[in-house]
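Residues per chain, in single letters:
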Number of protein chains: 4
Amino acid sequence: MQINKETVQNINNDAFPSHQRRFNYLADEINNVETIIQKLIAFNIAIPSWALGTGGTRFGRFSGGGEPRSLEEKIEDVGLIHALNRSSNSISLHIPWDIPDNAPSIKALASQLGLHFDAVNSNTFQDQPNQALSYKFGSLHHVDKAVRQQAVEHNIEVIKYGEELGSTALSVWLADGSNFPGQLNFRNAFQTTLESLQQVYAALPDDWKIWIEYKPYEPNFYSTTIGDWGQSYLLANKLGAKASTLVDLGHHLPNTNIEQIVSLLLMEGKLAGFHFNDSKYGDDDLTVGCINPYQLYLIFNELVEGLDARNLNHATGIGWMIDASHNVKDPVEDLLQSVEAIKIAYAQALLVDQDKLKQAQLNNDVARAQEILQHAYRTDVRPLLAEARLRAGGALQPLEVFRSLKVRENLIQERGLKTVTTGL
Amino acid sequence: MQINKETVQNINNDAFPSHQRRFNYLADEINNVETIIQKLIAFNIAIPSWALGTGGTRFGRFSGGGEPRSLEEKIEDVGLIHALNRSSNSISLHIPWDIPDNAPSIKALASQLGLHFDAVNSNTFQDQPNQALSYKFGSLHHVDKAVRQQAVEHNIEVIKYGEELGSTALSVWLADGSNFPGQLNFRNAFQTTLESLQQVYAALPDDWKIWIEYKPYEPNFYSTTIGDWGQSYLLANKLGAKASTLVDLGHHLPNTNIEQIVSLLLMEGKLAGFHFNDSKYGDDDLTVGCINPYQLYLIFNELVEGLDARNLNHATGIGWMIDASHNVKDPVEDLLQSVEAIKIAYAQALLVDQDKLKQAQLNNDVARAQEILQHAYRTDVRPLLAEARLRAGGALQPLEVFRSLKVRENLIQERGLKTVTTGL
Amino acid sequence: MQINKETVQNINNDAFPSHQRRFNYLADEINNVETIIQKLIAFNIAIPSWALGTGGTRFGRFSGGGEPRSLEEKIEDVGLIHALNRSSNSISLHIPWDIPDNAPSIKALASQLGLHFDAVNSNTFQDQPNQALSYKFGSLHHVDKAVRQQAVEHNIEVIKYGEELGSTALSVWLADGSNFPGQLNFRNAFQTTLESLQQVYAALPDDWKIWIEYKPYEPNFYSTTIGDWGQSYLLANKLGAKASTLVDLGHHLPNTNIEQIVSLLLMEGKLAGFHFNDSKYGDDDLTVGCINPYQLYLIFNELVEGLDARNLNHATGIGWMIDASHNVKDPVEDLLQSVEAIKIAYAQALLVDQDKLKQAQLNNDVARAQEILQHAYRTDVRPLLAEARLRAGGALQPLEVFRSLKVRENLIQERGLKTVTTGL
Amino acid sequence: MQINKETVQNINNDAFPSHQRRFNYLADEINNVETIIQKLIAFNIAIPSWALGTGGTRFGRFSGGGEPRSLEEKIEDVGLIHALNRSSNSISLHIPWDIPDNAPSIKALASQLGLHFDAVNSNTFQDQPNQALSYKFGSLHHVDKAVRQQAVEHNIEVIKYGEELGSTALSVWLADGSNFPGQLNFRNAFQTTLESLQQVYAALPDDWKIWIEYKPYEPNFYSTTIGDWGQSYLLANKLGAKASTLVDLGHHLPNTNIEQIVSLLLMEGKLAGFHFNDSKYGDDDLTVGCINPYQLYLIFNELVEGLDARNLNHATGIGWMIDASHNVKDPVEDLLQSVEAIKIAYAQALLVDQDKLKQAQLNNDVARAQEILQHAYRTDVRPLLAEARLRAGGALQPLEVFRSLKVRENLIQERGLKTVTTGL
């Protein structure tokens, strides 16, 4: 199924008058409306291929229906999202779940939907059928060199697939760790991880980057070999300029000040990008902004302040992606909500009066600094997002259009009720 | 120093046109504007006497200036807050820090400023000079009956002071606990606490209530005898109908779902009220709504939904109070920000379309339920608060008026730069 | 495969001299050796059927080999454990994973191995093939009465299976909860859960009990309808005398004082029993005692002190069970280690000089109280456990015997390398 | 008061026979007893001057009695500890609390008691009377260069005091941080901290080191400028070879794997040393080993494995210090318990069969690795500590001797009941 622009425009027409009223009101309230709208139009968030199906937990999985059965259908779903919000112009593939049999035809399909390929992701946290050696005890950090070699080669293979599709980054998340004290020698594990990554690094094409993710626990419950930003940074630093640290918002211990980490990684030139989601307990992989939207805003405030261009588009070289698990929502609806939440946080951060904030900071005027931050946050910026979407050819109300067009019902009819996407 | 209505009105006049524009816009967007405004006008949050001075930590305290030196000056400060926001018409005293020498004159002073007396608070977590027995190892839970008796009598004395001033509730926070495994027999500690509270309960006047606070840790770092809502509820239940459970937002373990606790206490008729603040790590006692305003909103959503009247005024019998420690902000400014944050959360919760939310819940339409909640939350309700203040005789922009009138500078001139309020 | 007593005895003979030396030394050091040994012999910990296979996470599962393929083989595995440690004389079944086709024959098999049947466990957190209605949005708390009815009937059916096998308790763990704010009305969810449980309760045979488990999160990541001990206690209290609260050590928020909860539940007569495991982050389901053995000891200290008989055998009516997920260890080895850790904690707790401890507590002699607790904990009690096993016909060194007899290799030969047990 | 060797020996004589029995038994059980005892004798843990008095919280402080009133009396107290345990041969001073008026006489006093001076600690988290500029908004990170300069000069002055006494390390703990989002620009704060530290670094004598402590929160409750090991490491790395990272066990977010951090800092040559304590919630500053002694042991296991010499004496250049707050125990008793707990963990770690552990790790034999670690941990090593103390001229049972000699009663008589030590 595809949604064409005319359909969207027709539905927009009904909603236009009230949008117009809201937008005009807001445009009068704030400065630089046009600049902000241009930045919002330019800002896209990648969709990971594995987030297009229903997710689950170790206790089970409750399928929805009409889930994509192939790479082509995954691209089709991202095309639907992008047609609605004009903010998701790329897809991030996961190998081996998404091996393209015919790269040129896949590229053509994506291109036709206005999409390109974001970072490619390797997978050494599961064993695949017919895999020679097991990752039960890790991959790039494994005590057995043969296993490490297998994992290195897999990563290099992933780069190859990415090259064919036009990706320029390899995203590496390692589940490697230990479940029990004594299982692992921490230093040896770190050193072998470094050596393995150096081999992968050596295979990177000139214009490629490698993004090193960190996570404190799960699926290992005593230690993770790349467990926090400091460990990821240490590796990225030893690897070289193409390596940097990827921040998944759910990959932190309770109460971590994530925005401070983001700020420091920016300072050191080592911020690779984000896997966006929200969480209350651990790596809950919930819809972005559903638990603590203010934290998301504070992160964007650091990004806007820290990036010279103050324009978070593709040119910054920073990766923007959602990484969530949709256990009880329609995956496409969840992704539409997530993209909306991210762009709301961005728009609010763009409203911050950075000069006044700096002045308040220099005066240690803490109450004023809070007023400045909260003023921007409390502003209802949704009309700005709607206007940006409108101008870019998207829907004023993406989720409503998704429902009124009965997209999911159509997908179920096309694909069936019992399909299951590869992924989590 | 006092702020009179005319001064406030004059300043309001300048800000009125832009307020008018914002309010009119919002009034068109939402239903029942008038009902909401009446509820906002009726909703007041008590100010604790100890929050009017600069707070500190075990590592030190950095005074501001012009802090109130007496009970009279504390009441004066609450009067200033109330003159600005018309939402803080009561003060909560702490004995022995605020023993009124002359209750009628204190009542008259408060009354003149439009204030009354909220719950009174006992203190058995510190030793006072000339105190016969020490609370080093607890008070109502102490192994020594004589210490328990002293603590019981102190609580009864606090009730007496409260009666003279027109309070109708005793708020009990016990620091009693242990720092080390083995220090305490948990069951004995619980039983002696219950017996002590029963004695205090027996001394309650007919129309009084007793509010039992809970807290997991600090100042004890292994166990607290009333450590969570379940333990407080157990005590309140055994005590009787006048006893209920007080929720301090900072008194929870990491990641606690506070709104669920609030909902269940409401269900059981055992919600005493709140000590509002915000926190990132523990009992940080920060300005309300400065870290996770969405959580505050979710709590108010439970309150609006759970209380029949849906009108959180004094008539509900529920206590609303701020409890914060202002270490780096002007205390009055901090309190103005806190009251604003609370009323924003309340106004947003009043905007929730409860019928649609119920319908979505009955359909397990999770995405829709989130849309409904977030729509209300994302609405900029500040014009509603401003309008409510305006009608009640307060300032459109309380914090700005506080600064433009140079209130703190005046207080410093009156009281001196080096004053230190009793409290934390 | 079965291990007979003679085999064990023969191996014991080699280890006996050094055991004798250690035991004699220890027997001289402590009082009441005989009483302690009798208690250790009497104390058995149930094995859950689902813990006999390799566990996994949402990211994957790495099978071991020789996992039991049927209920009979699961019972066989528990028989092996019990033959080695003489401390695991019962198995806890999980319906529908372990539906006995022929109850009498299953009972006979168990009986032949010296085993009986512990609590039976219902499962409403997964959908089974051919199930009429889905538990995607909960079971006993579901908004749809028909789903609740289906879940109630399942629980009643589980009781029936349990009765046939001689069980006397139903253990209920509900995954029911919500992933997003707004998804659920907390009070309605609690009330429907209560009503559903009342129906199950009504179906309990006279001598049966119902154990209500609580858990703060996972598989739901915003709220769980029975989320903490207070909520479970509230339900158990409303249900009646047969209902009580089950404590799974991994089902708590960070930093929870579990031993205090245990103590208070004992005080209220509402402690159902335990699911033992250890964890560092969340419900990690690691080997008992592998992360914080001192906490386990403190829990046993409460049990020994709180139970009149001070003898934690079956007669207390309290349930003792392991609940762990063996992702990287041989399940049987992991269970042997877990039972050992539990009995070490019990033995240490039995060494505590309760009179001196009480005296220290009455004197607020905190340093002394710690000395008393740590003296017992620091004592190497392993010779006591070995002696108890020896007298009961078990192995002096169960894990070593398991390996020297090549039990796993035998099981792989019998059952195959690629078997997968039902369970987590 | 001083305790002389003869007194200790006389008391030892009574306890000797049972010690002898225990030690002989243990000596037979383990290898290399003599090597271990020599290492235990050589291993000393410094006592911080501020830990000799009763500590408190923001809610109050309950003094004990006989607290040291001067630097001389603090040294006297450390002398008492060392006379009893022969494991605390140095004191760590805190400036300005412990400014020596006459360094040579202070050195002579210490020397007479067998003590030397460990790292000196600066204090820029409190304002001192007559201090020109306030640290309310930070010190080395302050937005105002004049405040930074004052703090830099204070640190340089501390080095001077340290030089006079023979210290060779400056320990820097910065409370600098923020309480509210927006208060601080994280990157600027980091950069100014770095610049300030560079000035201090430049003033270090040739043989000195600077130890950079980290802490996530308290006394600031939103951000801390040196908040985690990664941030401290980043600074230490930019500063140079004399700078490294100090680990306070209580300065971590919930569930942090501290032993992994220790291992990686060792790997990078950046482990400065430790501030030992234990905690359940935050920086609780409890007696070492009173909450999770297994974690302490795992840390020592990393140290023993990671340090070439496997001898943690002064020669490693690593700092070993207790940092605790004794709110309800006699400070000296608490320190005796803490030193005991540290040395127990060290002794247990020395018992680990490192070769077998490595082999198990290479085989991914996780159950075996755990057995090896837990075997050493479960061994009762107290006779080894007693023997080491005996040979070094200390007491077999330090705490018992402290009590039987009525040391505290004597100190109260000498110094009075109401003394209050400077410190926390």
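About the cut-offs
- Position numbers for residues count from 1 along each chain, tracking the sequence in the order it is written.
- All chains are assigned letters beginning with A, and all ligands numbers beginning with 1, in the order in which they are written.
- Only residues with pLDDT of 70 or above have their local features reported here, since the model is predicted, and side-chain atom pairs are shown and tallied only from 80 upward, although totals for entire chains, interfaces and linings are computed over all residues.
- To obtain the side-chain values, all non-hydrogen atoms of the structure were included, while hydrogens and water were left out.
- Only residues with pLDDT of at least 70 in both copies contribute their C-alpha atoms to the least-squares superposition of the copies.
- Contacts between residues were defined by any pair of non-hydrogen atoms, one from each residue, lying within 4.5 Å.
- Following DSSP output, two strands are said to pair if at least two bridges run between them.
- Secondary structure is summarised from DSSP: a helix means a run of H or I of at least four residues, a strand means a run of E of at least two, and numbering begins at the N terminus for each.
- Lines fitted to C-alpha atoms define the axes, with helix axes restricted to the stretch in contact, and inter-axis angles between N-to-C directions lie between 0 and 180 degrees.
- Pairing of aromatic rings covers Phe, Tyr and Trp, the last through its six-membered ring, and needs centres within 6.5 Å; plane angles under 30 degrees mean stacked, over 60 mean edge-to-face, and all others mean tilted.
- A simple rule labels every residue: compare its accessible area, found with a 1.4 Å probe on the protein chains alone, to the largest value its type can have, and call it buried under 20%, exposed over 50%, or partly exposed in between.
- Residue types Ala, Val, Leu, Ile, Met, Phe, Trp, Tyr and Cys, when buried and joined through side-chain atoms within 4.5 Å, form a set referred to as a nonpolar core.
- In short, buried area is how much 1.4 Å probe accessible area vanishes from two parts on joining, totalled over both.
- Basic side-chain nitrogens of Lys or Arg form a salt bridge, by our definition, when they fall within 4 Å of a carboxyl oxygen of Asp or Glu.
- Under this definition, polar contacts are N or O atom pairs within 3.5 Å; protein pairs additionally need one hydrogen-donor-capable and one acceptor-capable atom, and for neighbouring residues in sequence, both atoms have to be side-chain atoms.
- For a helix, the expected span equals 1.5 Å multiplied by the number of residues minus one.
- Amino acids outside the nonpolar list (Ala, Val, Leu, Ile, Met, Phe, Trp, Tyr, Cys, Pro) and the charged list (Asp, Glu, Lys, Arg) are all regarded as polar, and Gly is one of them.
- A score from 0 to 100, pLDDT tells how confident the predictor is in each residue.
- What the arc covers is the set of directions going from the helix axis to the C-beta atoms.

The name given to chain A in an unreviewed UniProt entry is L-rhamnose catabolism isomerase, with Mucilaginibacter defluvii as the source organism.

1. Things to note about the relation of the copies chain C and chain A
In summary, the two copies of the chain are related to each other by a rotation about an axis coupled with a shift along it. The transformation that overlays chain C on chain A combines an axial shift of 0.0 Å with a rotation of 180°, and the residual RMSD is 0.0 Å. Expressed as an axis order, the relation between the two copies is that of a two-fold axis. Among all C-alpha atoms of chain C, that of C:Arg58 lies closest to the rotation axis, at 2.3 Å. Comparing interface residues between copies, 100% of those in chain C also lie at the interface in chain A; the contact surface is shared.

2. Considering the sheet that holds strand S13 (residues 319-322) of chain A
All names here are of chain A. With parallel pairing, six strands are arranged side by side in an open sheet as S6-S7-S9-S11-S12-S13. Every interior strand has two partners, whereas the edge strands, strand S6 (120-121) and S13, have only one. The strands touched by helix H6 (residues 186-202) within the sheet are strand S7 (169-172), strand S9 (209-213) and strand S11 (243-248), with S9 carrying the most contacts at an inclination of about 155°. Most of the contacts of helix H7 (residues 229-239) go to S11, to which it runs at about 160°, and overall it touches S9 and S11.

3. A word on the packing of aromatic side chains
All names here are of chain B. A complete count under the given rule lists 80 aromatic pairs over all chains for this structure. Arranged with centres 4.7 Å apart and planes meeting at 70°, the rings of Tyr-294 and Tyr-377 form a pair that is edge-to-face. With Tyr-294 in helix H9 (residues 293-306) and Tyr-377 in helix H12 (residues 366-378), the pair connects residues that are 83 residues apart, well separated along the chain. Each of the two residues, Tyr-294 as well as Tyr-377, counts as buried.

4. Side note on the nonpolar core
Core analysis: the biggest nonpolar cluster contains 532 residues, and A:Phe300, B:Phe300, C:Phe300 and D:Phe300 have the highest contact counts within it. Here B:Phe300 is in contact with B:Phe43, B:Phe276, B:Leu312, B:Ile342, B:Ala345, B:Tyr346 and B:Ala349, once residues within four sequence places are set aside.

5. Points about the interface of chain A and chain D
You'll often see interface size given as the accessible area lost when the parts meet. Chain A puts 48 residues into the contact, and the matching count from chain D is 48 residues. Regarding the contact of chain A and chain D, the summed buried area is about 4500 Å², with carbon and sulfur atoms giving 60% of it. Where chain A touches chain D, the interface holds four salt bridges. With a shortest N-O distance of 3.1 Å, A:Glu268 and D:Lys238 are connected by a salt bridge. Joining chain A to chain D, the criterion identifies 18 residue pairs in polar contact (both at pLDDT 80 or more). Those elements that place two or more of their residues in the side of chain A that touches chain D are H6, strand S10 (223-224), H7, helix H8 (258-267), helix H9 (293-306), helix H11 (354-362) and helix H12 (366-378) of chain A. Looking at which element gives the most residues to the side of chain A that touches chain D, the answer is H7(A), with six residues.

6. Re the side chain of B:Ser244
Residue and element names in this part refer to chain B. Along the chain, the position of Ser-244 falls in strand S11 (residues 243-248). Using a relative accessible area of 7% as the deciding quantity, one classes Ser-244 as buried. With residues up to four places along the chain from it excluded, the contact list for Ser-244 reads Ile-210, Trp-211, Ile-212, Ala-236, Lys-270, Leu-271 and Ala-272.

7. Brief notes about helix H6 (residues 186-202) of chain D
Between its terminal C-alpha atoms H6(D) stretches 24 Å, which fits the 24 Å expected from 17 residues at 1.5 Å a residue. N-capping of H6(D) is provided by D:Asn185, with a side-chain oxygen placed 3.1 Å from the backbone N of D:Arg187.

8. Description of the environment of D:Asp144
Residue and element names in this part refer to chain D. On the secondary structure map, Asp-144 appears in the loop between strand S6 (120-121) and helix H5 (145-165). In this structure, the C-alpha to C-alpha distance between Asp-144 and Thr-192, residues 48 residues apart in sequence, is 9.8 Å. Side-chain polar atoms of Asp-144 contact the backbone nitrogen of Ala-146, separated by 2.8 Å.

9. What about the interface of chain C and chain A?
Contact residues are listed per partner, giving 44 residues for chain C and 45 residues for chain A. When chain C packs against chain A, close to 3900 Å² is buried across both sides, 67% of that on carbon and sulfur atoms. The largest contributions to the chain C side of the interface with chain A come from C:Arg58, C:Phe59 and C:Phe62, which together make up 24% of the buried area. Applying the counting criterion to the chain C and chain A interface returns six salt bridges. Across the salt bridge formed by A:Arg58 and C:Asp285, the nearest N and O atoms sit 2.9 Å from each other. Summed over the shared surface of chain C and chain A, the result is 12 residue pairs in polar contact (both at pLDDT 80 or more). Here the side of chain C that touches chain A is built from residues that sort into 21 nonpolar, 12 polar and 11 charged.

10. Some details on the pattern of salt bridges
All told, the structure shown has 96 salt bridges over all chains when counted by the stated rule. Here C:Lys74 makes a salt bridge to C:Asp98, at a shortest N to O gap of 2.5 Å. Of this pair, C:Lys74 sits in helix H3 (residues 71-85) while C:Asp98 sits in the loop between strand S4 (90-92) and helix H4 (103-112), placing them 24 residues apart in sequence. The exposure classification of C:Lys74 matches that of C:Asp98, with both residues buried. In this structure, C:Arg403 engages D:Asp365 in a salt bridge whose closest nitrogen and oxygen atoms are separated by 2.7 Å. One end of the pair, C:Arg403, is in helix H14 (residues 398-404); the other, D:Asp365, is in the loop between helix H11 (354-362) and helix H12 (366-378), on a second chain. Connected via shared salt-bridge partners are A:Arg58, C:Lys215, C:Glu218, C:Asp283 and C:Asp285.

11. Here's the deal with the confidence of the model for chain A
Close inspection of predicted coordinates is inappropriate in any region flagged by low pLDDT. On average, residues of chain A score 96 in pLDDT, and 98% of them reach the 70 mark or higher. The ipTM for the predicted assembly is 0.97, set against a pTM of 0.97.

12. Quick word on the pairing of S9(A)
Residue and element names in this part refer to chain A. Buried residues dominate S9, accounting for four of its five residues. With four bridges connecting them, S9 and S11 associate as parallel partners. Counterpart to Ile-210 in the pairing with S11 is Ala-243.

13. Some points on unusual backbone geometry
Trans is the prevailing form of peptide bonds, just as negative phi is the prevailing case for residues other than glycine. Note the cis peptide between C:Ile95 and C:Pro96, where omega equals 20°. Within the secondary structure, C:Pro96 sits in the loop between S4 and H4. Not every positive phi belongs to a glycine, and A:Arg86 is a case in point at roughly 50°. Its place among the elements puts A:Arg86 in the loop between helix H3 (71-85) and strand S4 (90-92). Residues other than glycine seldom take positive phi values, yet C:Glu218 does so here, at roughly 75°. With respect to the helices, strands and loops of the structure, C:Glu218 is situated in the loop between strand S9 (209-213) and strand S10 (223-224). With a relative accessible area of 17%, C:Glu218 lands in the buried category.

14. Notes on helix H2 (residues 33-42) of chain C
Residue and element names in this part refer to chain C. Of all the positions in H2, only Val-33, Ile-36, Ile-37, Lys-39 and Leu-40 are classed as buried. Burial along H2 is one-sided: seen end-on, the buried residues are contained in an arc of 160°. Next to the buried residues of H2 lie helix H1 (5-29), helix H10 (331-351) and helix H13 (382-392).

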